[in-house]
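Tertiary structure, described
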2 protein chains.
Amino acid sequence: MADRYLDFVNTPLGKQLAGTLNLPTPVKLQRWKKPDQPFIEGKVLIGGSKDGKALAAIADVVKTGSTEIFFAEGPTSLANSSSLARSHKAKPLNLSETSSLPKLKALVFDATGIKDAAELKALYDFFHPVIRQIASSGRVVVIGSEPSKCRTPAKAAAHRALEGFVRSVGKEIGKKGATAQLLWMEAGAENQLESSLRFFLSPKSAYVSGQVVKIAKVGQGKSAASAVAPLTGKVALVTGASRGIGESIAHTLARDGATVVCLDIPAAMEALNQVAKSIEGHSLGVDITEGNSPDVIADFLQDKFGGVDLVVHNAGITRDKTLGKMPEHFWDMAVDVNMAAEERINDALFARDLIRENGRIVCVSSMSGIAGNFGQTNYALSKAGVIGYVEALARQLKKQITINAVAPGFIETQMTAAMPIGTREAGRRMNSLGQGGLPVDVAETIAWYCNPLSTGINGNVVRVCGQSLIGK
Amino acid sequence: MADRYLDFVNTPLGKQLAGTLNLPTPVKLQRWKKPDQPFIEGKVLIGGSKDGKALAAIADVVKTGSTEIFFAEGPTSLANSSSLARSHKAKPLNLSETSSLPKLKALVFDATGIKDAAELKALYDFFHPVIRQIASSGRVVVIGSEPSKCRTPAKAAAHRALEGFVRSVGKEIGKKGATAQLLWMEAGAENQLESSLRFFLSPKSAYVSGQVVKIAKVGQGKSAASAVAPLTGKVALVTGASRGIGESIAHTLARDGATVVCLDIPAAMEALNQVAKSIEGHSLGVDITEGNSPDVIADFLQDKFGGVDLVVHNAGITRDKTLGKMPEHFWDMAVDVNMAAEERINDALFARDLIRENGRIVCVSSMSGIAGNFGQTNYALSKAGVIGYVEALARQLKKQITINAVAPGFIETQMTAAMPIGTREAGRRMNSLGQGGLPVDVAETIAWYCNPLSTGINGNVVRVCGQSLIGK
C-alpha cells in the first residue's frame, strides 16, 4: 500500500535524481493531524469582482482560522475591499506591487458579481500576480453562481466559464500539492458557505481538486456545530466498515463525535469488531444482499438509538470481466451490492421514518461510474446508477436531510495494492497531484457532507481523485 | 497532419510487428464516402427490455438503411418482438443459441422500459451473447430516458446507470473502431429519433464515442427532409472557415445542400475565397472582435438572403501560457474571440429576428472547456463559457431554433501537427479508438445538429474525441 516512489522523491537524493532525469516529483500532501489545529495555517488572500455578494461571508469564516488575512486591492476590476479589511483587522495587499507579494496558503475569490465574459477579467487581475506565490499544499477556492440559475445566457456563460478556469488552475498548481475548487453558491446562501470553506481550505481536502460544488439556500439558517467535534450526538451507519475506506470513514466520523454502527458481512466479523471496538462503536454483521437485511438494519437502529442521523453506503464490490466474457453472477452481484442494496436499505429507513432531521445520506460512487472503464460494464453501471439515485433523491428529501456522493479515484488500499504495477503506477500518477489518495481523504470528504452545517450541500458528486486525468 | 503510425500498423508488416511488440493497433475508421450510400451497411440487431417505447420507431428508421435487420429473442428479460419482426420483415435472432450468431454491424437497444436496478439485467441478456460479434467500425446505441425526468429515484438511477454501461462498452469495443452512445429520449419523442439514429449508426459518427445525447419532445412532428441533401434551401454562416475544421464544416454543410457564407479575418481572405469558390458559397472577410462586426454580418445576411438558418461559431484561437506568466492580451483575446464575439453576433441576429424557423446555432467548445488544461486557463475558461451559454440559451429559444455545442478532442489539423511529438502521440492514442480524429468528424457532427429533423436536439454538448480518456 505504500507509494515508495513518493517517499523516495521527497528525500534529498530522490529530489536530485528526479530533477536530473526529469521524472515527476509529487509532493507529500499535508493532511489533518490534531483535532484542535486551526483549519488553515498561513496567509490567506481574499478578493472578488465588483458587486460580489460573498466577500464578507468569506472573511467571517476565514478569520475563525488562525491565520493572517489580506484583501486584494489594485486593479480596477476588483471589489473595493478596504472597509472589509478594516472591519476584519486584515491588511490590504496591492496586487500591482508584484515585487513584494508574500507566500500565500490560500487564494479565495468571490466571483458572484460577474455578469458577463468581459467581467471575467477580474479573475485574471486577481490570480495572475499571485498564483506563483501559492504555498505547498495551498488552496484556491472560487465562489460563483450556479449557471442554471443565472438570468441571462451571458451570465450563465461567465459562471460556467469559471469551471474551465478552476480546472486549469488545478492542473497548473497540482505539482505543489495545491488544489483548486469552484463553489457555485445560490443567491442568498452565504450563510451556507462555512462548512465548505472550512473543508476546502483545510488539509482535510488534501486529495480533492478540480471539483465543482453546488451550495443551495436552505430555509433555516445554519445550525450550531462544534468545530472540533461537529458530529457529537449523531448516530452513524457505515456499511463495509471492516477495512479500507469503510474503516477510515468509521474512524473519521467517530473522531468528529459520532456514535458509529459498523456494518459488514458476517465473514468479516472479526475485523469489524476490532474497528468498532477501537472507536467505541457498534458492530453489525449483515449481508446487505439478503432479503431481510433492510429490516435487520432498521430494527437495530430503531431499537438501540430510536433512529439514525448519518447513513454512509460504502459497501461495494468489483467483479471485473469484459462484457462478452462476464459470468451472469458477476453482473448480478455488482448491481445488487453496489446499487440495489442501498436503495432497499434507504427504503426501509424512510418507510419507518428513522432518518432524523438534518440527517445525511452519503453514497460511494467511483471514477468508473463517471468515466466508464474497460472490463467494468457491471461496476461502472452500478456506480453511475448511484449518481442518478443521489441526484434524483436529493430533489425529494424533506426535513433538511441531504444525499450526496463521493467518487474516489486511485486510493491506496489493499485493492489497488493488488493491481499489476503498470496499471497501479498509471493510476497513481495520472492526476494533478501525481500520487494516489489515502482512505482518509475519502472519509474526510464524507465527514464534510455529514457536518450539520452542510445542509445546503445536496445532490452533489465530488470526486476524491487528485483531479485525475480520467473523466467523461 | 498524417498519422503515419496508424497507416503503418494497418499494413501486413505493421500488423505483425505491432502484434509481436504488443503495440496499440488502432483500425482505420470507416468514414462517409458517397452522398447516396445507405447510412448503414451490414446486419443490425435490435432488442429491448420489456415495456420499451422505442422499438417500433427504431425499426422504422433502421429499415430505411439498406441492411438486414434482426430482432433479439430468447432471454425472458427482453421484449417479445416477434410481431415487430413480422411487420418489418426482419428475422428473429435467438440469443440463447450463441454458436450461430452472425457478425453484426450495429446493436441497438431500447432501454426505455427499464424501471429499476434489477431490470438492468436486460442489458446483460442482450449484449453479453453478441458484443463479441460486433464488426469493425460497428455501432452500439442504447436508448434510455433522461434521469431528471424519471418519476422515481430507482428509475432515475437505472437510467443514469446506462451511462456507465455505455461508456464502458465504448472502451471495450474501441479497439475495433466501434463506438457506443446513449440517447436519453424524453417520453413521446420517438418521432425525434430519426436524425440521431441515422447519424450514430452511420460512418458519419466515426470519431464520436461514449457520448450521451438528450432528445426532447417537440411541439410539432418532424419536418420533411431529403436524406441525401437535408440542408437544401438553407443558408449557413460558418466563422473561421478558411482552413482546418471550419473549412471542413463549410464543405460538409454545402454537400448537404446548404448555401454557405464563409467568414474569416481579412488576412485570410485568399484561402477563404478558395473555400467559398469550391462550394459555390460566399466569403465575408470580417474580424469578429471589431466593434461593428455583428452589424456587418447581420447586414450581409439580411441583404443577401433575408435571414439565416444555420449559424456555426467555429472561429477560435489559443494563446497558451501558465496563468502566472500569461500576458494580459492573451487573456483578452482568447475570451473575446472564443466566447464574447459569438454572443455579440447572436445578439445582433436575434435583435433583427434574422434566424429563421427551425434554425440552428452550433458553437465549437473543446475538450479543454470540459476538463481544463495546463497552460490554458484563458482558453479553457472561454470554451467552458461556451457550454454555459449553449445550455442557458437552449432554454430560451423560440421558433424551434436549437443551440448545441461540439467539443473536439485531438483532431488532425495544422494546430496539432505543430505539437511536440510526445504531446501529439499522447493526444492521439489516449482515447478508445487509439487515433486522432479528422476535421470532417467534427463537421459531420455539426451537420447532424443542423439537420431539419434534429429539432429535439437542443442544449447538448457532444464530444468528438474518440472517447478520450481525458475528462472532468
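Residues take numbers from 1 onward in each chain, read along the sequence in its written order. Chain letters and ligand numbers both follow the written order, the letters beginning at A and the numbers at 1. With the structure being a predicted model, the display of local features is reserved for residues of pLDDT at least 70 and the display and counting of side-chain atom pairs for 80 or more, all residues being used for whole-chain, interface and lining totals. Side-chain metrics in this entry use all non-hydrogen atoms of the structure; hydrogen atoms and water are not considered.

Cut-off, in case you're wondering: UniProt positions are given in the numbering used here, feature names are shortened, and annotations may be inferred rather than shown by experiment.
The name given to chain A in an unreviewed UniProt entry is 3-oxoacyl-ACP reductase, with Hydrocarboniclastica marina as the source organism. The Sequence similarities (unreviewed entry) field of the UniProt record for chain A holds the comment "Belongs to the short-chain dehydrogenases/reductases (SDR) family."

**Focus: the pairing of strand 2 (residues 67-73) of chain B**
Residues and elements named next belong to chain B. Short version of the rule: Each residue gets one of three labels from its accessible area relative to the maximum for its type: buried under 20%, exposed over 50%, partly exposed in between, using a 1.4 Å probe on protein chains only. Runs of E in the DSSP output that reach at least two residues are strands. Runs of H or I that reach at least four are helices, and both are numbered from the N terminus. Two strands qualify as a pair provided DSSP detects at least 2 bridges between them. When the strands point away from the viewer and the path from the first strand over the helix to the second turns clockwise, the crossover is right-handed.
Of all the seven residues making up strand 2, five are buried; the element is thus mostly covered by neighbouring parts of the structure. Strand direction decides the pairing type here: strand 1 (residues 42-48) and strand 2, joined by five bridges, are parallel. Residue pairing across strands places Lys 43 opposite Glu 68, the latter belonging to strand 2. For the crossover that starts at strand 1, traverses helix 3 (residues 55-62) and ends in the parallel strand 2, the hand is right-handed. In the sheet, strand 2 pairs with strand 3 (residues 91-94) via four bridges, with the strands oriented parallel. When the sheet's bridge partners are listed, Phe 70 is paired in strand 3 with Lys 91. In this fold, strand 2 hands off to helix 4 (residues 82-87), which returns the chain to strand 3; that crossover is right-handed.

**Quick notes on a positive patch on the surface**
Formally: Every patch collects residues that have over 30% relative accessible area and no salt bridge, joining them within 9 Å if they carry like charges and within 5 Å if they are nonpolar side chains (Val, Leu, Ile, Met, Phe, Trp, Tyr). Areas reported as accessible are Shrake-Rupley estimates using a 1.4 Å probe. Residue values count occlusion only from the protein chains shown. Whenever a carboxyl oxygen of Asp or Glu lies within 4 Å of a side-chain nitrogen of Lys or Arg, that contact is scored as a salt bridge. Lys and Arg are tallied as positive, Asp and Glu as negative. Neither His nor the chain termini are counted. Here the site of a charge means atom NZ of a Lys, CZ of an Arg, CG of an Asp or CD of a Glu.
Among the surface-exposed residues, A:Arg132, A:Lys175, B:Lys321 and B:Lys325 lie close enough to one another that they form a single positively charged patch. Along the chain, B:Lys321 falls in the loop between strand 11 (308-313) and helix 11 (328-351).

**Quick look at unusual backbone geometry**
Residues and elements named next belong to chain A. With a phi close to 65°, Asp 51 is a non-glycine residue in the positive phi region. Looking at the secondary structure, you find Asp 51 in the loop between strand 1 (42-48) and helix 3 (55-62). The phi angle at Gln 467 is positive, at roughly 60°, despite the residue not being glycine. For Gln 467, the position within the fold is in the segment after strand 14 (461-464). Gln 467 gets classed as buried once you look at its relative accessible area, which sits at 6%.

**Observations concerning the interface of chain B and chain A**
For the record, the criterion: In what follows, residue pairs with any heavy atoms lying within 4.5 Å of each other are defined as contacts. Defined in terms of a 1.4 Å probe, buried area is the accessible area two parts forfeit on being brought together, summed over both. Polar contact criterion, stated in full: a pair of N or O atoms within 3.5 Å, where within protein one must be able to donate a hydrogen and the other to accept it, and residues adjacent in sequence count only if both atoms are side-chain atoms. When residues are grouped by polarity, Ala, Val, Leu, Ile, Met, Phe, Trp, Tyr, Cys and Pro land in nonpolar, Asp, Glu, Lys and Arg in charged, and all others, Gly among them, in polar.
Taken together, the contact between chain B and chain A spans 71 residues of the former and 70 residues of the latter. For the pair chain B and chain A, the summed buried surface comes to about 5,600 Å²; carbon and sulfur atoms form 62% of the total. The salt bridge partner of A:Lys121 is B:Glu328, with a shortest N-O separation of 2.7 Å. Scanning the region where chain B abuts chain A turns up 31 residue pairs in polar contact (both at pLDDT 80 or more). Of all the elements in the fold, those that place two or more residues in the side of chain B that touches chain A are helix 5 (121-130), helix 6 (153-173), helix 11, helix 12 (367-371) and helix 13 (377-394) of chain B. Among the elements that make up the side of chain B that touches chain A, the one with the highest residue count is helix 6 of chain B (15 residues). Of the residues belonging to the side of chain B that touches chain A, the class tally is 35 nonpolar, 18 polar and 18 charged.

**Quick word on helix 7 (residues 194-201) of chain B**
Here helix 7 of chain B lies mainly inside the structure; six of its eight residues are buried. Along helix 7 of chain B, the residues classified as buried are B:Ser195, B:Ser196, B:Leu197, B:Phe199, B:Phe200 and B:Leu201.

**Digging into the relation of the copies chain B and chain A**
Threshold: The copies were overlaid by least squares, fitting only the C-alpha atoms of residues that reach a pLDDT of 70 or more in each copy.
By a simple turn and slide, chain B fits onto chain A: the slide is 0.0 Å along the axis, the RMSD is 0.0 Å, and the turn is 180°. Such a turn and shift between the copies fits a two-fold axis. Measuring from the rotation axis to each C-alpha of chain B, the shortest distance belongs to B:Gly471, at 1.8 Å. In this assembly the copies share their binding face: 99% of the residues contributing to the interface of chain B also contribute to that of chain A.

**Observations concerning the sheet that holds strand 6 (residues 179-185) of chain A**
All names here are of chain A. Selection rule: Under this scheme, a helix contributes an axis fitted over its contacting stretch, all axes are lines through C-alpha atoms, and angles between N-to-C directions fall in the 0 to 180 degree range.
Sheet architecture is open: seven strands sit in the order 3-2-1-4-5-6-7, paired in parallel fashion. Looking at the sheet topology across the chains shown, the edges are occupied by strand 3 (91-94) and strand 7 (211-215). On average, each strand axis in the sheet is inclined to that of its neighbour by 25°, with strand direction left out of account. Against the sheet, helix 3 makes contact with strand 1, strand 2 (67-73), strand 4 (104-110) and strand 5 (134-144), and its axis sits at roughly 170° relative to strand 1, the strand it touches most.

**Quick look at empty space enclosed by the protein**
Defined as follows: Here a cavity denotes grid points, spaced 1 Å and computed from the protein atoms alone, that fit a 1.4 Å probe unable to get out, and a pocket denotes an open set having protein on both sides within 12 Å along at least 5 of 7 lines; residues with an atom within 4 Å of a point are the lining. Grid points are joined across faces, edges and corners, and a volume is the space filled by probe spheres set on the points.
In this structure the tally under the stated criterion is three cavities of 30 Å³ or more. What the largest cavity holds in volume is close to 50 Å³. A:Ala371, A:Gly471, A:Lys472, B:Arg167, B:Ser209, B:Gln211, B:Arg463, B:Cys465, B:Gln467 and B:Ser468 are the residues that line the largest cavity. The residue makeup of the lining of the largest cavity, split by class, is two nonpolar, five polar and three charged.

**Examining the pattern of salt bridges**
In this structure the tally under the stated criterion is 51 salt bridges over all chains. Through salt bridges with shared partners, a single network forms among A:Asp3, A:Glu412, A:Glu425, A:Arg428 and A:Arg429.

**Description of the domain arrangement of chain A**
Condition: Per the annotation, domain bounds derive from an automatic or database assignment of domains.
One can read the domain layout of chain A as domain 1 (1-25), domain 2 (31-215) and domain 3 (235-464). Spacing between the C-alpha centres of domain 1 of chain A and domain 2 of chain A amounts to 31 Å.

**A look at helix 5 (residues 121-130) of chain A**
With nine of its 10 residues buried, helix 5 of chain A lies for the most part within the structure. Of all the residues in helix 5 of chain A, the buried ones are A:Lys121, A:Ala122, A:Leu123, A:Tyr124, A:Asp125, A:Phe126, A:Phe127, A:Pro129 and A:Val130.

**Structural notes on the environment of B:Gly219**
By secondary structure assignment, the location of B:Gly219 is in the loop between strand 7 (211-215) and strand 8 (235-239). As for B:Gly219 and B:Trp184, which are separated by 35 residues in sequence, their C-alpha atoms are 18 Å apart.

**Remarks on the state of the cysteines**
Quick note on the threshold: For this text, the term disulfide refers to a pair of cysteine sulfurs within 2.5 Å.
Under the defined criterion, the tally for this structure stands at zero disulfides over all chains. With no disulfide partner, B:Cys465 has as its closest neighbouring cysteine sulfur the one in A:Cys465, 18 Å distant.

**Details of the packing of aromatic side chains**
Condition: Aromatic pairing here means that ring centres of Phe, Tyr or Trp (its six-membered ring) are within 6.5 Å. Orientation follows from the plane angle: under 30 degrees is stacked, over 60 is edge-to-face, and everything else is tilted.
This model, assessed by the stated rule, comprises 20 aromatic pairs over all chains. Consider the rings of A:Phe165 and B:Trp331, whose centres lie 5.8 Å apart with planes at 80°: the pair is edge-to-face. Of the two residues, A:Phe165 is situated in helix 6 (residues 153-173) and B:Trp331 in helix 11; the pairing between them involves two chains. The same class applies to A:Phe165 and to B:Trp331, which are both buried. Three or more aromatic residues link up through ring pairs in this structure, and these residues are A:Phe109, A:Tyr124, A:Phe126, A:Phe127, A:Phe165 and B:Trp331.

**Notes on the sheet that holds strand 11 (residues 308-313) of chain A**
Residues and elements named next belong to chain A. With parallel pairing, seven strands are arranged side by side in an open sheet as 10-9-8-11-12-13-14. Since the sheet does not close on itself, it has two edges, and those belong to strand 10 (282-285) and strand 14, each with one partner. The average undirected angle you get between the axes of adjacent strands in this sheet is 20°. One ladder, built from five bridges, connects strand 12 (residues 355-364) with strand 13 (residues 402-408); its direction is parallel. Within strand 13, the position partnered with Ile 361 by the bridge is Ile 403.

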